[in-house]
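This is what each chain is made of:
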Amino acid sequence: MHILIDELLGEDWYVAMSENDNQVITQAIYQIIYKYIDEPEKKERIWGIVIIICALINIITFLAR
């Protein structure tokens, strides 16, 4: 997930006053959706990005068991 954040939001992206990693990931997902939906030429790629994020969250959750 952090690799996706670096690629899609930039390596210098951060969340002020987060309490845990889940909050950072949630905020990143909102920022990615906001960033790519507001730019019409990138709107078609947003669903691919959302699918990738969901798949990675599922993999991370599965591996964390």
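Peer 1: Before we move on, could you go through the overall build of the chain and cite the residues and values that matter?
Peer 2: The helix and strand tally for the chain stands at three helices and zero strands. Listed N to C, the secondary structure of the chain is α-α-α in terms of helices and strands. Of all 65 residues assigned to the chain, the portion counted as buried reaches 22%. Carbon and sulfur atoms make up 59% of the accessible area of the chain, which totals about 5,200 Å².

Peer 1: So what's going on with helix H3 (residues 46–63)? Residues and values would help.
Peer 2: Counted at 1.5 Å a residue, the expected span for H3 with its 18 residues is 26 Å, and the 26 Å between its end C-alpha atoms agrees. Within H3, burial applies to Ile46, Ile49 and Ile53. Viewed end-on, H3 has its buried residues packed into an arc of 60 degrees, placing them on one side of the element. Opposite the buried face of H3, by more than 90 degrees, sit the exposed residues Trp47, Ile51, Asn58, Phe62 and Leu63.

Peer 1: Could you give an account of a negative patch on the surface, naming the residues involved and the relevant values?
Peer 2: A grouping of Asp6, Glu7, Glu11 and Asp12 is seen on the molecular surface, where their side chains present a negatively charged patch. Inspection of the secondary structure puts Glu7 in helix H1 (residues 2–9). The exposure class assigned to Glu7 is exposed, which follows from its relative accessible area of 62%.

Criteria and cut-off values
- Residues numbered from 1 in each chain as written.
- Predicted model: local features only at pLDDT ≥ 70, side-chain atom pairs only at ≥ 80, totals over all residues.
- Heavy atoms only, no water.
- Helix = DSSP H or I, 4+ residues; strand = E, 2+ residues; numbered from the N terminus.
- Buried < 20%, exposed > 50% of the residue type's maximum accessible area, 1.4 Å probe, protein only.
- Areas by Shrake-Rupley, 256 points an atom, 1.4 Å probe, with all protein chains shown as cover.
- Expected span 1.5 Å × (residues − 1).
- Arc of directions from axis to C-beta.
- Patch = residues over 30% accessible without salt bridge, like charges linked within 9 Å, V, L, I, M, F, W, Y side chains within 5 Å.
- Salt bridge = Lys/Arg side-chain N within 4 Å of Asp/Glu carboxyl O.
- Lys, Arg positive; Asp, Glu negative; His and termini not counted.
- Charge placed at Lys NZ, Arg CZ, Asp CG, Glu CD.

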